[in-house]
Amino acid sequence: MNYAIKTEAISKQYGTLKALNSLDLTVERGSIFGLLGPNGAGKTTLIRILTTLMNPTSGKAFIEGLDVTTQGREVRKLIGVVSQENSLDRYLTARENLELPARLHSMEKRVYKQRIDELLELMELSDRQKDFPDTFSGGMQRRLVVARALVNNPKILFLDEPTTGLDPQTRRALWKYVRSLTGDMTIFLTTHYLEEAEQLCNQIAIIDHGRLIALGSSEELKTELAGEAVYDIELGRDVNVFAEKLEQMESVCQVKINDNLLSIKLKEWNAISETLDILKGAEIKKISLRERSLEDVYIALTGKEVRG
Amino acid sequence: MNVKGTVAIWYRDMLVLKRSIWSEMIAVIATPLTFYLAFGVGMRRYIGLVDGISYSLFIAPGLITMTAVLAAYNESVWSLWFHRRVQFTIESYRVTPVTVSEIVIAKIFSGFSHGLIKGLMVAITIFIITPFKFEPLNLLLYILFLIPGSAIFTCIGVIGGTMLDKPETIGRVEAVFIMPLIFMSGLFFPLSSYPANVIPIISWLPTTALFEGSRQALVHGNFIFPFVLNLYITAIILFTAAVLTFRRRLTE
């Protein structure tokens, strides 16, 4: 068994609405796995099932080989969860917010005291450990939530949109902390920010209407859709003449002219050599391939813009 | 059962109570003390003796009981609602190895502890400012009523805090259901004031068993067994109902 998380035809139905529709997913141990999808795609439902907060309507899900439906308590010993909501206890100090889950995990005082010291240090909150979370900035509160999820040294960390509502600087700082956790730990992340998934995840799944529609690394996903590539070619002269020639090529979908710049959309990215044959004799000043972003892939697959 | 988890949640609630104990004490004592001064002292001369005792002594046990059960109810209903709907801490407990049943049992114990502590505060205040002296045995008998009474109202609070999503609905339930149950169960007037045909029905109410039974125990040292039995059976039924309601709601 080399997987940390596995779902087999998992479905969740609310009345007539299918939030998850026979979803199969495998997350390798030690990876940072990103789950992308528009609002209502089923991301949070899947996290709630995997973290034992909810039972699936049908199908099975396993965490380190344990069934989430029948072995909930054992599963919860292995996981840490950062939920979308700020669920910090405002009546407890930062340190007490970490002590409570440690006690809920039945950790020995000597063990959790040291672990909490380490986590406060890691999250740069040691000097604020006796303060109440209400006095913290949004970024500090999020760091404390992440620290709380790490108290039991989980094998799998679930992060449900961990940076929503944070400013870009704080978001990047949190990425730094998440990156520092990689090693034996598997991280399962849902996010609205494609940049976040691109920066952090080595595997990305895109789901929509409760179904898996793409799976792979960021590069693999981009390559899969790289059939349509756009090249920008700057010519010194005869732009219109070459544009006409290119339009007649079968592998060219679209040609746009902007002064001396030709933007050519090709059906296949590797049709560029054929294109360059047509451009023989042209005074080519510059050629560049417009890089596809993960956002292009996301929009192409879901048909929806990313909402932050 | 993970007793450590249940104790950890109960300990958290007690830690929070300890931090706010002085400010809470003022609020907790103010209401029963106002009732005591207005009715027990202010109207004493006009009312005279009730069931053979002064009116101030007649209402004193009920005021202590009312404080305890209302504290138990309020702690449970608002704590459950707040932790479930506002602070989402219940959810953060649920992703640890504790089970939903262990969480609700911790919350029931917290409400119960609040009730007993606050009831005790009012009792001490009333004992200090009044000339009443109660026999130690009477106090022990009284506690036998206070324990299931606090448990009953804690469980009602847990059910309310689990089922009700809007704070205004919680307020309405208290105004329409909880307060009338307390006030109509012999807190301020003897049961003999009711029409004869209503008394058998009223006597079966757990709140009557609580207020009438606790008064008989504290003032006269009478231990009315059917009342105690009624209270403990009701407490067990409501405890089961609270655990099942919480479990069902949270796993929906």
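Please read all numbers here as calculations on a predicted model, not as lab measurements. (Residues numbered from 1 in each chain as written. Chains lettered and ligands numbered in written order. Predicted model: local features only at pLDDT ≥ 70, side-chain atom pairs only at ≥ 80, totals over all residues. Heavy atoms only, no water.)

Engineer: Teacher, can you tell me more about the domain arrangement of chain A here?
Structural biologist: Interfaces are often sized by the amount of accessible area the parts lose when they come together. Looking at chain A, the domain boundaries give domain 1 (3–224) and domain 2 (228–292). On a C-alpha basis, the centres of domain 1 of chain A and domain 2 of chain A stand 45 Å from each other. (Domains from an automatic or database assignment.)

Engineer: Teacher, can you tell me more about a nonpolar patch on the surface here?
Structural biologist: All names here are of chain B. On the surface, a cluster of nonpolar side chains totalling about 630 Å² of accessible area is made up of Leu144, Phe223, Phe225, Leu229, Tyr232, Ile233 and Ile237. At 5 residues, the largest contribution of residues to the nonpolar patch is made by helix 11 (residues 225–250). Tracing the sequence through the fold places leucine 229 in helix 11. (Patch = residues over 30% accessible without salt bridge, like charges linked within 9 Å, V, L, I, M, F, W, Y side chains within 5 Å. Areas by Shrake-Rupley, 256 points an atom, 1.4 Å probe, with all protein chains shown as cover. Salt bridge = Lys/Arg side-chain N within 4 Å of Asp/Glu carboxyl O. Helix = DSSP H or I, 4+ residues; strand = E, 2+ residues; numbered from the N terminus.)

Engineer: Whenever I open this one, the interface of chain B and chain A confuses me. Can you help?
Structural biologist: Contact with chain B, which involves 28 residues of that partner, is made by 26 residues of chain A. Of the roughly 2500 Å² buried between chain B and chain A, counting both surfaces, carbon and sulfur atoms make up 56%. Ranking the residues of chain B by area buried against chain A places Gln87, Val95 and Pro97 of chain B at the top, with a combined share of 25%. The interface formed by chain B and chain A holds 4 salt bridges in total. In this structure, the salt-bridge partner of arginine 48 of chain A is glutamate 91 of chain B, at a minimum N-O distance of 2.7 Å. Scanning the region where chain B abuts chain A turns up 12 residue pairs in polar contact (both at pLDDT 80 or more). Residue assignment for the side of chain B that touches chain A shows that the elements contributing at least two residues are helix 1 (3–19), helix 4 (55–86) and helix 5 (89–94) of chain B. The biggest single contributor to the side of chain B that touches chain A is helix 1 of chain B, with 9 residues. Residue composition of the side of chain B that touches chain A, grouped by class: 14 nonpolar, 8 polar and 6 charged. (Contact = heavy atoms within 4.5 Å. Buried area = accessible area lost by both parts, 1.4 Å probe. Polar contact = N/O pair within 3.5 Å; in protein donor to acceptor, adjacent residues only side chain to side chain. Nonpolar A, V, L, I, M, F, W, Y, C, P; charged D, E, K, R; others polar.)

Engineer: Help me out: how do you make sense of helix 10 (residues 206–220) of chain B in this one?
Structural biologist: It helps to recall that an α-helix has 3.6 residues per turn; residues three or four apart then point in one direction. Residue and element names in this part refer to chain B. Helix length check: helix 10, at 15 residues, gives a terminal C-alpha distance of 20 Å against a target of 21 Å (1.5 Å per residue), a fit within 8%. The element helix 10 is extensively covered by neighbouring structure, given that 13 of its 15 residues are classed as buried. Where helix 10 ends, the next residue or the one after it, glycine 221, has phi of about 75 degrees, a positive value. (Expected span 1.5 Å × (residues − 1). Buried < 20%, exposed > 50% of the residue type's maximum accessible area, 1.4 Å probe, protein only.)

Engineer: In this structure, what is going on with the sheet that holds strand 12 (residues 252–258) of chain A? I would like to understand it.
Structural biologist: Pairing between the strands of a sheet is mediated by backbone hydrogen bonds and can be parallel or antiparallel. Residue and element names in this part refer to chain A. Pairing within the open sheet is antiparallel, and its 4 strands lie in the order 12-13-11-14. Pairing within the sheet leaves two strands with one partner each, and these edge strands are strand 12 and strand 14 (284–290). Strand-to-strand twist in this sheet, taken as the mean axis angle between neighbours without regard to direction, amounts to 20 degrees. Two strands pair when backbone bridges link them, and strand 12 and strand 13 (residues 261–266) are joined in this way by 6 bridges, in the antiparallel orientation. Residue pairing in the sheet places valine 255 in a bridge with isoleucine 264 of strand 13. Where helix 9 (residues 239–247) meets the sheet, it contacts strand 11 (229–235), strand 12 and strand 13, and its direction lies at approximately 165 degrees from that of strand 12. (Pairing = 2+ DSSP bridges. Axes fitted to C-alpha atoms, helices over the stretch in contact; angles between N-to-C directions.)

Engineer: Honestly, the packing of helix 3 (residues 94–104) of chain A against helix 1 of chain B in this entry has me stumped. Any pointers?
Structural biologist: Each pair of packed helices can be summarised by the angle the axes make with each other and by the distance between the axes. Two numbers describe how helix 3 of chain A lies on helix 1 of chain B: the axes approach to 8 Å, and their chain directions differ by 155 degrees. Judged by the inter-axis angle, helix 3 of chain A sits roughly antiparallel to helix 1 of chain B. Residues Glu96, Leu100, Arg103 and Leu104 of chain A of helix 3 of chain A touch helix 1 of chain B, and the partners they reach there are Lys4, Gly5, Ala8, Ile9, Tyr11, Arg12, Leu15 and Arg19 of chain B. Here the contact of helix 3 of chain A with helix 1 of chain B is built from residues that sort into 6 nonpolar, 1 polar and 5 charged. (Parallel < 35°, antiparallel > 145°, perpendicular 65-115°, else oblique.)

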